[in-house]
Amino acid sequence: MKKVISNKIIRKRARRRVYVIGALCVLLVLIAIFAKQLSPHDPNVTSALLIRRPPSKEYPFGTDSYGRCVLSRVLAGAGTTIFATTVLVAVTFVIGTVLGIISGYYGGLADTLIMRVTELFLAFPQMVVAIAVAGILGGGLKAALIALGVTAWTGYAKIARSHTLSVKNENYIAAAKLAGLRGWQIICFHILPNTLFPLVTNALTQIGTTMIGISGLSFLGLGVIPPQAEWGSMINESRAYIQLAPWAVLYPALATVITIMLFNYLGDAVMDLRKAERRN
Amino acid sequence: MKKYVIKRLISLIPLLLILSFFSFLLLDMAPGDPAEKKLAAQGVAVTKEVIEAERIRMGLDRPFLTRYFAWLFGALRGDLGVSYKDGFPVMGKLMDGLGKTCQLAVSSLVLSLLVSIPVSVICAVRQDSLFDNVFRILSFAGNSVPNFLISVLLMFVFCIRMKIFPVIAGDSFSGLFLPVISLAIPMTGRFIRQFRAEIISQLEQDFVTGIRARGVRETVVLFRNVLYNALGHMITIAGLSIGTLMGGSVVIETIFRWSGIGKLVMDSITARDYPVVQGFVLIMGVMYLVIGLVTDLIFVTLDPRTEITS
């Protein structure tokens, strides 16, 4: 027999999980923000005397083949990755959501046009487009973000549209219309507040994937330009001498995995919470 | 059904047009003058006169749309222009690599499906059991690790520490092993999660309770009703993952020096040989569209109701 657990307890558990994981994510973001203060050395200072030193008290994660402190570079890389991901998710979320809501609310020609364009971009394989665009724009973090952003907004647009459609015919929207509110006012004060939670939840679940994309491009040499620290490019640089200094690969790898897992887990937890709240 | 197929084929035309336009635009997005880049890629000393002559030879003095249509009609006949670097046709270069990439992609797709289908079925049937929990954690982890990281770690363990596999993947079977695993792990993680959710949602349907109430054996319910109904969605999920696979193979082929289309495109990016990159986007895009169409048609065949609603 399955144990029967009341909805209230499920909700409570789901909420507690979100708080714990959320706190860990906030901690990670704080580490990224205060990376400069936390790192024991300058992440970009090279030294011919300290090449590929194993982890020690002075250099807890060891040094790479330029004699740079790996810990400091992992910390600096946290800033790069989290900043780039936040910018990309935020910008594509806003663009996609605005288009999706306009499309869902106004319908008609606007809807057809916007959705056709969305489907066009949805029809392209994202990483293929990203690699080609980043490669042709010639590398750099900005180019990588543009390359990933070209297709990333489509998912948000589709979801925003479907949620808008589901609240559009509610009575309070009709009431707002009768009260003489304009379209943009209804969107801002009625549709947005009622759809924002599921839309933000969806955006949270995309953070992990976005990080994988950014670090993948950097790994290929199409993201950040060295010597700027980023985990993907650090792993790529140091994999050439992995048998001499495995720590130079393993620590950025560990940082990547932990960060992506944490944000993916946050996405899952918020999604579960939403399901639990809806069951009510 | 026939009407639906025709409708879908027609809807492919604007998509293909936009795809080709986008691919063509890529070349113009590249900073700098194409003629100059072509000459630089060939190592020719550039003077103003040489560049001007090359521009005319490449047809760059013609307007953008004229060039686009000339290129498009070429592409329809299988001519994607020539490489900046060595003057060989782009199409031939891409086709040379495509076979090896398909080897890699198909092997990892098959491996992922072979693992994820039985696992997800057991997970869904025995929800919250030990098996389910273990594989939920594993699939979550697999889904969270970028494939370049998996391949670097696998390489470190198996090629450098244990020396079981060659570092540079040759044509041998053992060379295929690590690249396939690196591509398959994240995909298997994703498949298990999505398949499991799909099977569970089918198990919770009212008709399943109804069939059970009539005393039909559980295995029959599972295979004849639940899995059959889930199959369409599972094929769609697998079809969509081809896009990720295409991007992933660029990374994996670069790491393992596997001479497929992905390594070719990375080498071309490094050499600023942009027509090859352009051809790559076009071919991958067309393949992705065709695979999408095929999975849609399978879906409709399996579940004719969708034809009416769509």
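Residues numbered from 1 in each chain as written. Chains lettered and ligands numbered in written order. Predicted model: local features only at pLDDT ≥ 70, side-chain atom pairs only at ≥ 80, totals over all residues.

### Re the overall build of chain A
Regarding its fold elements, chain A presents 10 helices and zero strands. Counting from the amino terminus, helix and strand elements in chain A follow one another as α-α-α-α-α-α-α-α-α-α. For chain A, with 280 residues in total, the buried portion stands at 45%. Counting contacts in chain A only where the partners sit at least 6 residues apart, residues at least 24 apart contribute 71% of the total. (Helix = DSSP H or I, 4+ residues; strand = E, 2+ residues; numbered from the N terminus. Buried ≥ 20, exposed ≤ 12 C-beta atoms within 10 Å, placed from the backbone. Contact = placed C-beta atoms within 7 Å.)

### Considering the overall build of chain B
When helices and strands are counted, chain B shows 13 helices and zero strands. Each helix and strand of chain B, ordered N terminal to C terminal, gives the series α-α-α-α-α-α-α-α-α-α-α-α-α. When its C-alpha atoms are laid out on the principal axes, chain B stretches across 85 × 60 × 30 Å. Put simply, 70% of the contacts in chain B that link residues at least 6 apart link residues at least 24 apart.

### Here we look at the nonpolar core
Grouped together as the largest cluster of nonpolar side chains are 134 residues, with contacts concentrated most on I131(A), A132(A), A144(A), V265(B), V277(B) and F280(B). Here this core takes 15 residues from helix α3 (residues 70-106) of chain A, the largest share from any one element. With residues near it in sequence (within four places) discarded, F280(B) still touches A132(A), L94(B), I261(B) and V265(B). (Core = buried A, V, L, I, M, F, W, Y, C linked by C-beta atoms within 7 Å.)

### Focus: helix α9 (residues 206-213) of chain B
Of all eight residues in α9(B), zero are buried; the element is thus mostly exposed. Looking one or two residues past α9(B), G215(B) carries a phi angle of roughly 85°, positive in sign.

### Notes on the interface of chain A and chain B
Where interface size is given, it is often the accessible area lost as the parts come together that is meant. Across the contact, 32 residues belong to chain A and 37 residues belong to chain B. In terms of residue count, helix α5 (residues 126-137) of chain A provides more of the side of chain A that touches chain B than any other element does, nine residues in total. The class makeup of the residues in the side of chain A that touches chain B is 22 nonpolar, nine polar and one charged. (Nonpolar A, V, L, I, M, F, W, Y, C, P; charged D, E, K, R; others polar.)

### Regarding the confidence of the model for chain B
Confidence in the prediction of chain B, expressed as mean pLDDT, is 87, and 96% of residues score 70 or more. As scored by the predictor, the complex reaches a pTM of 0.88 and an ipTM of 0.87. (pLDDT = per-residue confidence, 0-100.)

### Examining the packing of helix α11 (residues 261-270) of chain B against helix α12 (residues 274-302) of chain B
All names here are of chain B. Look at α11 against α12: their axes get within 8 Å of each other, and the N-to-C directions meet at 145°. By crossing handedness, the relation of α11 to α12 is classed as left-handed. Judged by residue contacts, I261, L264, V265, S268 and I269 of α11 engage V276, V277 and F280 from α12. Of the residues that constitute the contact of α11 with α12, the class distribution is seven nonpolar, one polar and no charged. (Axes fitted to C-alpha atoms, helices over the stretch in contact; angles between N-to-C directions. Left-handed = near helix turned anticlockwise from the far one by under 90°.)

### What about the environment of G142(B)?
Residue and element names in this part refer to chain B. With respect to the helices and strands, G142 occurs in helix α6 (residues 130-144). G142 sits in the buried class, given 22 other C-beta atoms within 10 Å. A C-alpha to C-alpha distance of 10.0 Å links G142 and I192, two positions 50 residues apart in sequence. Discounting chain neighbours no more than four positions away, the residues touching G142 are I185, P186, T188 and G189.

### Side note on helix α4 (residues 64-76) of chain B
Counted at 1.5 Å a residue, the expected span for α4(B) with its 13 residues is 18 Å, and the 18 Å between its end C-alpha atoms agrees. Trailing α4(B) by a residue or two, G78(B) shows a phi angle of about 85°, which is positive. (Expected span 1.5 Å × (residues − 1).)

### Description of the packing of helix α4 (residues 108-122) of chain A against helix α6 (residues 141-168) of chain A
Residue and element names in this part refer to chain A. Put simply, α4 and α6 touch, their axes get as near as 9 Å, and they point 130° apart. Between α4 and α6, the crossing angle belongs to the class labelled oblique. Judged by the twist between their axes, the crossing of α4 over α6 is left-handed. For the pair α4 and α6, the contacting residues are T118, F121 and L122 in the first and V150, T151, T154, A157 and K158 in the second. (Parallel < 35°, antiparallel > 145°, perpendicular 65-115°, else oblique.)

### Let's talk about unusual backbone geometry
In this structure, the amide linkage connecting P226(A) to the following residue, P227(A), adopts the cis form with an omega of 10°. Tracing the backbone through its elements, the reader meets P227(A) in the loop between α8 (183-219) and α9 (231-238). Positive phi, normally seen in glycine, also occurs at R52(A), with a value near 50°. Of note, R52(A) is situated in the loop between α2 (35-38) and α3. For R272(B), which is not glycine, the phi dihedral falls at a positive 55°. Mapped onto the elements of the fold, R272(B) is located in the loop between α11 and α12.

### So, the environment of T254(B)
Its location among the elements puts T254(B) in helix α10 (residues 218-256). Owing to 22 C-beta atoms within 10 Å, T254(B) belongs among the buried residues under this scheme. Excluding residues within four positions of it along the chain, T254(B) makes contact with L220(A), G262(B), K263(B) and M266(B).

### Here we look at the confidence of the model for chain A
For chain A, the mean per-residue pLDDT works out to 89, and 98% of the residues sit at or above 70. Within chain A, α3(A) carries the highest mean pLDDT (93), whereas α2(A) carries the lowest (86).

### Things to note about the environment of T154(A)
All names here are of chain A. Tracing the sequence through the fold places T154 in helix α6. For the pair T154 and G96, spaced 58 residues apart in sequence, the C-alpha separation works out to 6.1 Å. In this structure, T154 is in contact with G96, T118, F121 and L122, ignoring residues within four places of it in sequence.

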